[in-house]
Amino acid sequence: MPSPVPWLDPLLIVWFGLTALSVAYVAWDAFTRNPELKVMKWGWLLVTLYGGPVMAAAYVLSCQEPANERHEDFVRPLWKQAFGSSIHCMAGDATGVIVAAAITTALGLPMWQDAIAEYVFGFAFGLLIFQALFMRDMAGGSYWGALRMSFIPEWLSMNSVMAGMIPTMVVLMSRDMAAMHASSLRFWGVMSLATLVGFAVAYPVNLWLVGVRSKHGMGTVRALGHGGHDMAAEKAGAAPMTGMGHGTMAGMAGMAEGPSVTPAQIVAMAVLTLLALGAGIIVATIGGRWTM
C-alpha cells in the first residue's frame with residue numbers, strides 16, 4: 001500500500017538527525033557546564049531525545065547558564081521554573097508512555113487498550129521513579145514521604161500530558177498503519193510530536209502548580225545540594241523546604257511567603273485537567289479509530 005505522505009520519511013530523517021545533534025549539545029552543556037540538579041540534567045536529556053531541536057531551544061532559553069549570570073538568578077522567573085517542572089514531568093511520563101506504546105503495538109493491542117496502558121505506565125513511571133525516587137531527598141530522604149507529596153501534583157500533570165498525547169497518537173496512527181509499529185520511523189515521529197503537544201498542554205498546569213508551591217521547578221546544586229534540599233536550612237538545623245526549585249535563598253524565601261494551595265483549588269484544577277483529558281479523548285474519537 002503506497003504511503004499517504006511519501007515525503008514524510010525524508011523529513012523524519014532530517015528531524016531525527018537534528019534531534020541527535022540536539023541531544024549531543026544538551027548532554028554536553030548539562031553535564032559539563034550546568035550546575036542544575038542531576039535529575040534535571042537527565043530530564044532535559046530525555047525530553048530533548050523525544051522533542052528534538054524544539055526542546056533543545058527550550059533548554060537554552062530557560063535553563064542554560066549564561067556567561068554573565070548565575071544559574072540561580074537566571075532560572076528565578078516563574079515561567080522558567082514552570083519549564084523545569086514540566087520537563088521533570090515529561091521526562092518520567094513521556095518515557096513511560098513511549099515504552100508502553102512500543103510494547104502494546106508489538107502485542108497488537110487495539111488503540112483503546114494502548115491508551116489505557118500508556119496512561120497507567122506513564123503515571124506509574126513518572127510518580128514512582130522521577131518524582132518519589134529521584135526527589136526523595138526533598139522529603140527528608142523518605143521515599144514514601146516523597147510519594148505522598150508528589151501524588152496529586154503528578155496526577156494533575158499526567159492528566160494534562162495525556163490530554164495532548166492521546167489525540168495526537170490516536171489520530172495520526174489511525175491514518176498511517178506504518179506508524180503503528182515501533183520498527184517504523186513514523187512511529188517515533190508520532191511519539192516525538194505527541195511529546196511536544198503533551199508538553200504544551202501540561203505547561204500551564206505546571207505553571208500553576210509551581211506558583212502555588214505544589215511542585216518544584218529548577219534549582220542548582222550550589223544552593224540546594226545534590227539531593228535538592230535546602231543547604232542553608234540544613235546548616236542552620238532547620239527543616240528543609242520541600243517542593244522548592246528556586247536556586248537562591250532569596251528566591252526560596254519569596255516563594256515561602258507566597259500563596260499556598262487550598263483543597264478547593266486542588267479540586268478545581270483536578271476538574272479542569274479531567275475535562276482537558278476528556279476533550280482529548282473526544283478529539284481522538286472523532287479523528288481516529290480506537291479499535292485498530
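Rules used in this analysis
Once a new chain begins, its residue numbering starts again from 1 and follows that chain's sequence as written. Only residues with pLDDT of at least 70 are given local features in this predicted model, and only at 80 or more are side-chain atom pairs given and counted; all residues enter the totals for whole chains, interfaces and linings. Only hydrogens and water are set aside when side-chain values are computed; all heavy atoms of the structure are taken into account. A run of H or I in DSSP becomes a helix once it reaches four residues, and a run of E becomes a strand once it reaches two; helices and strands are each numbered from the N terminus. Accessibility here uses a 1.4 Å probe with only protein chains present; expressed as a share of the type maximum, an area under 20% marks a residue as buried, one over 50% as exposed, and anything in between as partly exposed. The contact definition used throughout considers only heavy atoms, calling two residues in contact when any of these lie within 4.5 Å. Accessibility throughout is a Shrake-Rupley quantity obtained with a 1.4 Å probe, and a residue counts as covered only by protein chains that appear here. Two distance rules govern patches: like charges are joined within 9 Å, and nonpolar side chains (Val, Leu, Ile, Met, Phe, Trp, Tyr) within 5 Å, applied only to residues with over 30% relative accessible area and no salt bridge. Salt bridges are defined by distance alone: a side-chain nitrogen of Lys or Arg within 4 Å of a carboxyl oxygen of Asp or Glu. Grouping buried Ala, Val, Leu, Ile, Met, Phe, Trp, Tyr and Cys residues that are joined through side-chain atoms within 4.5 Å yields what is termed a nonpolar core. Residues are called lining when one of their atoms sits within 4 Å of a cavity or pocket point, these points coming from a 1 Å grid over the protein atoms alone, where a cavity is a set in which a 1.4 Å probe fits but cannot get out and a pocket is an open set with protein on both sides within 12 Å along at least five of seven lines. Grid points are joined across faces, edges and corners, and a volume is the space filled by probe spheres set on the points. Here the term charged refers only to Asp, Glu, Lys and Arg, the term nonpolar to Ala, Val, Leu, Ile, Met, Phe, Trp, Tyr, Cys and Pro, and the term polar to all other amino acids, Gly among them. The span one expects for a helix is its residue count, reduced by one, times 1.5 Å. A residue's bend is given by the angle between axes fitted to the 7 residues ending at it and the 7 residues starting at it. A 3.5 Å cut-off defines polar contacts: any pair of N or O atoms within that distance qualifies, except that in protein one atom must be a possible hydrogen donor and the other a possible acceptor, and neighbouring residues in sequence count only when both atoms are side-chain atoms. Two aromatic rings, drawn from Phe, Tyr or Trp (for Trp, its six-membered ring), form a pair once their centres lie within 6.5 Å of each other, and the interplanar angle then sorts them: stacked below 30 degrees, edge-to-face above 60, tilted otherwise. Geometrically, a lysine NZ or arginine CZ counts as sitting over a ring once it is within 6 Å of the ring centre and also within 35 degrees of the ring normal.

Asker: What is the right way to look at the overall build of the protein in this model?
Answerer: What the protein contains, in helices and strands, is 11 helices and 0 strands. Along its sequence from the N terminus, the protein presents helices and strands in the succession α-α-α-α-α-α-α-α-α-α-α. Within the span of the protein, comprising 292 residues, buried residues form 52% of the whole. Considering only intrachain contacts with a sequence separation of at least 6, the fraction spanning at least 24 residues in the protein is 74%. Element-wise, carbon and sulfur atoms account for 73% of the exposed surface of the protein, whose accessible area totals about 12,700 Å².

Asker: Would you explain a nonpolar patch on the surface in this entry?
Answerer: A contiguous nonpolar surface patch, about 370 Å² in accessible area, is contributed by Val99, Ile103, Leu107 and Phe121. Of the residues forming the nonpolar patch, the biggest block, 3 residues, is contributed by helix H4 (residues 78-107). Mapped onto the elements of the fold, Phe121 is located in helix H5 (residues 111-133).

Asker: So what exactly am I meant to see when it comes to unusual backbone geometry here?
Answerer: Across residues other than glycine, the phi torsion is negative in most instances, and most of the peptide bonds are trans. With a phi close to 65°, Arg213 is a non-glycine residue in the positive phi region. Position of Arg213 relative to the elements: it lies in the loop between helix H7 (185-211) and helix H8 (221-224).

Asker: Honestly, the environment of Tyr203 in this entry has me stumped. Any pointers?
Answerer: Considering the arrangement of structural elements, one finds Tyr203 in helix H7. Sequence spacing of Tyr203 and Ser157 is 46 residues, and the spatial spacing of their C-alpha atoms is 8.6 Å.

Asker: Explanation requested: the nonpolar core in the structure shown.
Answerer: Soluble globular proteins: nonpolar side chains tend toward being buried together. If you look at the biggest cluster of nonpolar residues, it comprises 58 residues, and the most contacted ones within it are Trp44, Met55, Met162, Met165, Ile166, Met173 and Met191. Those elements giving two or more residues to this core turn out to be helix H1 (8-32), helix H2 (38-62), H4, H5, helix H6 (143-175), H7 and helix H11 (263-287). Excluding its chain neighbours within four sequence positions, the residues that come into contact with Met165 are Met90, Val97, Ala194, Thr195 and Gly198.

Asker: Looking at this structure, I do not really get empty space enclosed by the protein. What am I missing?
Answerer: It is the rolling of a water-molecule-sized probe over the atoms that shows where space remains empty. The tally for this structure, following the rule as stated, stands at 2 cavities of 30 Å³ or more. In this structure, the largest cavity occupies an estimated 50 Å³ of space. If you trace the largest cavity, you find it lined by Met111, Asp114, Ala115, Glu118, Ile166, Met169, Val170 and Met173. Counting only elements with at least two residues in the lining of the largest cavity, the list comes to H5 and H6. Considering only residue class, the lining of the largest cavity consists of 6 nonpolar, no polar and 2 charged.

Asker: Where do I start with H7 in this structure?
Answerer: For an α-helix, the turn length of 3.6 residues means that residues three or four places apart are oriented alike. Across its 27 residues, H7 extends 39 Å between first and last C-alpha, which sits within 8% of the 39 Å expected from 1.5 Å per residue. At Tyr203, H7 shows its strongest bend, of approximately 35°, with the proline Pro204 following within four residues. Where H7 begins, the capping side chain belongs to Ser184, and its oxygen is found 3.0 Å from the backbone nitrogen of Arg186. A positive phi of about 65° marks Arg213, the residue just after H7.

Asker: Explain the packing of aromatic side chains to me, please; I cannot follow it from the model alone.
Answerer: Aromatic ring pairs are defined here through the distance separating the ring centres and the angle between the ring planes. For the structure shown, the criterion picks out 10 aromatic pairs. An angle of 75° between the planes, with centres 5.3 Å apart, marks the rings of Trp44 and Tyr59 as edge-to-face. For the pair Trp44 and Tyr59, a shared accessibility class is recorded, and that class is buried. Ring centres of Trp79 and Phe83 lie 5.7 Å apart, and the angle between their planes is 85°; this geometry places the pair in the edge-to-face category. A residue pair is termed a helical-turn pair when its members lie 3 or 4 positions apart in one helix, as Trp79 and Phe83 do in helix H4 at 4 residues. With relative accessibility at 40%, the residue Trp79 sits in the partly exposed group. By way of ring pairs, the aromatic residues Trp79, Phe83, Phe199 and Tyr203 are connected into one cluster. The residue whose ring lies beneath Lys80 is Phe74, and the NZ or CZ to ring-centre distance is 3.4 Å.

All quantities given are derived from atomic positions and should not be read as evidence of function.
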